[in-house]
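Descriptive structure summary
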Amino acid sequence: MLALDIQQQLVRRALQLAAKTAAKGNPPFAALLVDKSGAVILESVNTVHTTSNAAAHAEINLLFEASKRLGSSNLSQYSLVSNAASCPMCATAMLKAKVAEYYYGAPNEDSMVPYITFEEVVSKTPYSVEVHGGILAEECTAQIRQLAKK
């Protein structure tokens, strides 16, 4: 498990990226792929509106790029960090990629469709992932609420 100060630094980086993609008209979400020490391997953002692709969530974009760059869909040596809990689509993709650890800020939004939390998705699969949520949760939630209204 990453040290708390590293977790917070990484979530703050996701917050910065989320603000940048929101300024382009996308939902304010970002994701990072990090190694066991917390070094950032890749960064990605939500591009749903700028690409006109409903599946272009930050985590999905990150997993596509990671597979290309690393030459493997097995990401069991890496962790994923995001500014908010992932939706069921992204959660499933992370599990299939065998991401080892997942760190996130804001909890799932009440408006998420379908409303299935990351933890619920994990509980229904044979894959295991260490989940660490609520990192800078208030800050992340406030940013999402503020930027999603623009």
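In case you missed it, the structure is sitting above this.
Because the structure is a prediction, the values reported are computed rather than measured.

**Regarding the pattern of salt bridges**
On inspection of all chains with the given rule, the structure shows four salt bridges. When the shortest N-O distance is used, the salt bridge between Glu43 and Arg13 registers 2.7 Å. Linking Glu43 in strand E2 (residues 40-45) with Arg13 in helix H1 (residues 4-23), this pair joins segments that are 30 residues apart in sequence. Assessed through its relative accessible area of 37%, Glu43 is described here as partly exposed. Its relative accessible area of 25% is what places Arg13 among the partly exposed residues. Of the charged contacts, one joins Arg69 and Glu65 as a salt bridge, the two residues approaching to 2.9 Å between their closest N and O atoms.

**Points about unusual backbone geometry**
Each neighbour pair has its own omega, and for Val113 with Pro114 the value is -10 degrees, a cis peptide bond. Of note, Pro114 is situated in the loop between strand E4 (101-106) and helix H5 (118-123). The residue Lys98 is not glycine, and still its phi comes out positive at about 65 degrees. As for its placement among the helices and strands, Lys98 is situated in the loop between helix H4 (88-96) and E4. Residue Lys98 is classed as partly exposed on the basis of its relative accessible area of 38%. In this model, Leu136 sits at a positive phi of 55 degrees, which is unusual for a non-glycine residue.

Reading the values: the criteria
- Residues numbered from 1 in each chain as written.
- Predicted model: local features only at pLDDT ≥ 70, side-chain atom pairs only at ≥ 80, totals over all residues.
- Heavy atoms only, no water.
- Salt bridge = Lys/Arg side-chain N within 4 Å of Asp/Glu carboxyl O.
- Helix = DSSP H or I, 4+ residues; strand = E, 2+ residues; numbered from the N terminus.
- Buried < 20%, exposed > 50% of the residue type's maximum accessible area, 1.4 Å probe, protein only.

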